[in-house]
Amino acid sequence: MTDNAPCVAVFSLGGTIAMTTQTGGGATPTLSADDLVAAVPGLAETGIAVEVHDFRRLPGASLSISDLLDLAVAIETLPVDGVVITQGTDTIEETSYLLDLVTTSDMPIVVTGAMRHASLAGADGPANVLAAIRVAASTEARGTGTVVVFGDEIHAARWVRKTHATSPTAFTSYPGPLGYVAEDRVRIMTRPSDSPKVDPRGATTPARTAIATVGLGDDGTILQAIGDQADGLVIAAFGAGHVPMACVDALTDLAKRMPVVLATRTGSGPVLRQTYGFPGSESDLLARGLISASTLDPIKARILLQLLLMIASDKDQITECFSVIP
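Residues numbered from 1 in each chain as written. Predicted model: local features only at pLDDT ≥ 70, side-chain atom pairs only at ≥ 80, totals over all residues. Heavy atoms only, no water.

A. Region of the structure containing helix α4 (residues 125-137). With 13 residues, α4 should reach 18 Å at 1.5 Å per residue; the first-to-last C-alpha distance of 18 Å fits that figure. With respect to burial, α4 is a largely interior element, 11 of its 13 residues being buried. Inspection of α4 places G125, N128, V129, L130, A131, A132, I133, R134, V135, A136 and A137 among the buried residues, and these make up the whole buried set. (Helix = DSSP H or I, 4+ residues; strand = E, 2+ residues; numbered from the N terminus. Expected span 1.5 Å × (residues − 1). Buried < 20%, exposed > 50% of the residue type's maximum accessible area, 1.4 Å probe, protein only.)

Listed below in structure tokens is the structure:
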């Protein structure tokens, strides 16, 4: 190891990658960051210096926004070349995008995990950690924002989705990965445009946001009930931003009281602006005060809306922030 070897900080948050099973019981987070790094074959041969931080030991579903904001502060104070975060896959879509929004460093921030825990045959954690460390240490990945590395593929936080409950290839993105790792080399093929940034310092405003998915035959009653308990709402709409006609009055009322973001439940592609003109179409809903999520899926749109409400952004500021999403 030379004095100018790249240095990567590894933060463990728990999750499947840190889980083992005890006799007669289910998997629980038991492994530390040191344990995870020690289990990676070939790491010593990379020439990458690694420092470990046992930050949390929680299932991915139990991580909180405050956990992630604390992590963002810790990340940006470190004099390292890159950061790897290991965590549960349940919330990687959300945590990676949150970090992308609140961190400003040019260094690679890489999120990874495992679909098979360490007690199972074919556990994928060690391979994912090794690939993530290579990406975090690389000069090629600088300036790509927060990324998710899984199965040797590199996905932008803004686009990545978990599309299977159990498969080791659960993570995909549209329009596709930014790059991949092959023969120990990090290859970046494309770069996303810059994400909006949200400064969470001093974010003390309490906010409760929700995603409401429309379905065939909805009449708006459930939308109204959800909205009555929220400070902001994301509508996961049909197709390019459409809802049943019977939902229009409820959404009109909600948009007068809070920011209501219109996203597509399809998971990829944009909310249109003026292609359709029927009641409940995208042009009708936007004219009634809903805010377009553009190409953000509902899960990512909620993260951005949550952060903006936490820093007390008003509706005009929220609309402006969403307007810069490609």
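B. Layout of the sheet that holds strand β16 (residues 291-292). Read across the open sheet, the 4 strands follow the order β13-β14-β15-β16; overall the sheet is parallel. Looking along the sheet, the strands with just one partner apiece sit at the ends: β13 (209-213) and β16. When β13 meets strand β14 (residues 232-237), the two strands line up parallel, connected through 5 bridges. For T209, the partnering residue across the bridge sits in β14 and is G232. (Pairing = 2+ DSSP bridges.)

C. Seen up close, the packing of aromatic side chains. In total, this model carries 3 aromatic pairs according to the counting rule given. With 5.9 Å between their ring centres and 75 degrees between their planes, F11 and F55 make a pair best called edge-to-face. Taken together, the positions of F11 in strand β1 (residues 7-14) and F55 in strand β4 (residues 49-58) put the pair 44 residues apart, joining distant regions of the chain. Here F11 falls in the buried class, since its relative accessible area comes to 2%. (Phe/Tyr/Trp six-rings, centres within 6.5 Å; stacked < 30°, edge-to-face > 60°.)

D. Representation of the environment of L98 in the model. Considering the arrangement of structural elements, one finds L98 in helix α3 (residues 92-102). The buried category is assigned to L98, whose relative accessible area is 2%. A C-alpha to C-alpha distance of 15 Å links L98 and H155, two positions 57 residues apart in sequence.

E. Structural detail: the pairing of β1. In terms of burial, β1 is largely enclosed, as 8 of its 8 residues are buried. In terms of strand pairing, β1 meets β4 through 7 bridges, oriented parallel. Bridge assignment links V10 to a residue of β4, and that residue is V52. Where β1 and strand β5 (residues 82-86) come together, 5 bridges link them in parallel fashion. For S12, the partnering residue across the bridge sits in β5 and is T86.

Read these as layout, nothing more, since geometry by itself doesn't imply function.
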